[in-house]
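Here is what each chain is made of, one letter per residue.
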Amino acid sequence: MPRLSENDRHRALGLLEGGLSIRQVARRMGCSPPTIMNLRRRFNETQSVRDRARPGRERVTTEADDRYIVMQHLRDRFQTAAQTAAETPGRRQPRISTST
């Protein structure tokens, strides 16, 4: 099931404020009732419909680095990930992983 866009989230909240039940809103939006309940709870807590920040590892490469890596592999399809990581310009700590 696809995620609700920000516009859809605002629309769902408007439908709730308009007096529709959670089930009715969920049916109209094409999602489950718990999705609408969680959206309303999050909006009441944060006054925002945006996704919360998720934990995860920080990026090591920039978008420009990513484009460079893709171009390198398109030029030489037999190049290994370890070779690409070693040849990517710039000094990075931590180093680029060969398993990504």
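In the block above lies the structure referred to throughout.
All values reported here derive from a predicted model rather than from experimental measurement. (Residues numbered from 1 in each chain as written. Predicted model: local features only at pLDDT ≥ 70, side-chain atom pairs only at ≥ 80, totals over all residues. Heavy atoms only, no water.)

*Asks:* What am I meant to see in the packing of helix α1 (residues 6-17) against helix α2 (residues 22-29) here?
*Replies:* To characterise two packed helices, one gives the angle between the axes of the helices and the distance between these axes. One can describe the packing of α1 onto α2 by two numbers: an axis separation of 9 Å at closest approach and a directional angle of 150°. Considering only the axes of α1 and α2, their crossing is right-handed. In this structure, α1 contributes Asp 8, Arg 11, Ala 12, Leu 15 and Leu 16 to the contact, and α2 contributes Ile 22, Val 25, Arg 28 and Met 29. A class-by-class count of the residues in the contact of α1 with α2 yields 6 nonpolar, no polar and 3 charged. (Axes fitted to C-alpha atoms, helices over the stretch in contact; angles between N-to-C directions. Helix = DSSP H or I, 4+ residues; strand = E, 2+ residues; numbered from the N terminus. Left-handed = near helix turned anticlockwise from the far one by under 90°. Contact = heavy atoms within 4.5 Å. Nonpolar A, V, L, I, M, F, W, Y, C, P; charged D, E, K, R; others polar.)

*Asks:* What is the right way to look at the pattern of salt bridges in this model?
*Replies:* Close approach of charged atoms allows side chains of opposite charge to pair. Enumeration according to the criterion identifies 7 salt bridges in this entry. For the salt bridge of Arg 3 with Asp 51, the shortest nitrogen-to-oxygen distance reads 2.9 Å. One end of the pair, Arg 3, is in the segment before α1; the other, Asp 51, is in the loop between α3 (33-46) and α4 (63-75), and 48 residues separate them in sequence. We classify Arg 3 as exposed; its relative accessible area is 55%. A relative accessible area of 34% places Asp 51 in the partly exposed class. A cluster of three or more residues bridged by salt bridges with shared partners is formed by Arg 3, Arg 9, Arg 42 and Asp 51. (Salt bridge = Lys/Arg side-chain N within 4 Å of Asp/Glu carboxyl O. Buried < 20%, exposed > 50% of the residue type's maximum accessible area, 1.4 Å probe, protein only.)

*Asks:* Explain unusual backbone geometry here, please?
*Replies:* Glycine aside, negative phi is the norm for most residues, and most peptide bonds take the trans geometry. The backbone of Gln 47 sits at a positive phi, close to 60°, despite the residue not being glycine. Position of Gln 47 among the secondary structure elements: in the loop between α3 and α4.

*Asks:* How do you make sense of the nonpolar core when you look at a structure like this?
*Replies:* Most often, soluble globular proteins keep nonpolar side chains buried together rather than apart. By size, the foremost hydrophobic cluster in this structure holds 13 residues, and its most contacted members are Ala 12, Leu 16, Val 25, Met 29, Cys 31 and Ile 36. Counting only elements with at least two residues in this core, the list comes to α1, α2 and α3. With near-sequence residues (within four places) excluded, Ala 12 lies in contact with Val 25, Met 29, Ile 36 and Leu 39. (Core = buried A, V, L, I, M, F, W, Y, C linked by side-chain atoms within 4.5 Å.)

*Asks:* Explain α2 here, please?
*Replies:* Helical geometry: 3.6 residues make up each α-helical turn, so side chains three or four residues apart lie on a common side. When we look at burial in α2, the residues that qualify are Ile 22, Val 25, Ala 26 and Met 29. In an axial view of α2, the angular spread of the buried residues amounts to 100°, which keeps them on one side of the axis. Along α2, exposed side chains directed more than 90 degrees from the buried face belong to Arg 23, Arg 27 and Arg 28. In this structure, the buried residues of α2 make contact with α1 and α3. Positive backbone phi, at 75°, marks Gly 30, one or two positions downstream of α2. (Arc of directions from axis to C-beta.)

*Asks:* Whenever I open this one, the side chain of Arg 9 confuses me. Can you help?
*Replies:* Mapped onto the fold, Arg 9 is located in helix α1. In this structure the side chain of Arg 9 is engaged in a polar contact, spanning 2.7 Å, whose partner is the backbone oxygen of Val 49. (Polar contact = N/O pair within 3.5 Å; in protein donor to acceptor, adjacent residues only side chain to side chain.)

*Asks:* Sorry, what's going on with a nonpolar patch on the surface here?
*Replies:* On the surface, Val 70, Met 71 and Leu 74 cluster together to form a nonpolar patch covering roughly 260 Å² of accessible area. Along the polypeptide, Leu 74 turns up in helix α4. Accessibility expressed as a relative area gives 47% for Leu 74, which makes it partly exposed. (Patch = residues over 30% accessible without salt bridge, like charges linked within 9 Å, V, L, I, M, F, W, Y side chains within 5 Å. Areas by Shrake-Rupley, 256 points an atom, 1.4 Å probe, with all protein chains shown as cover.)

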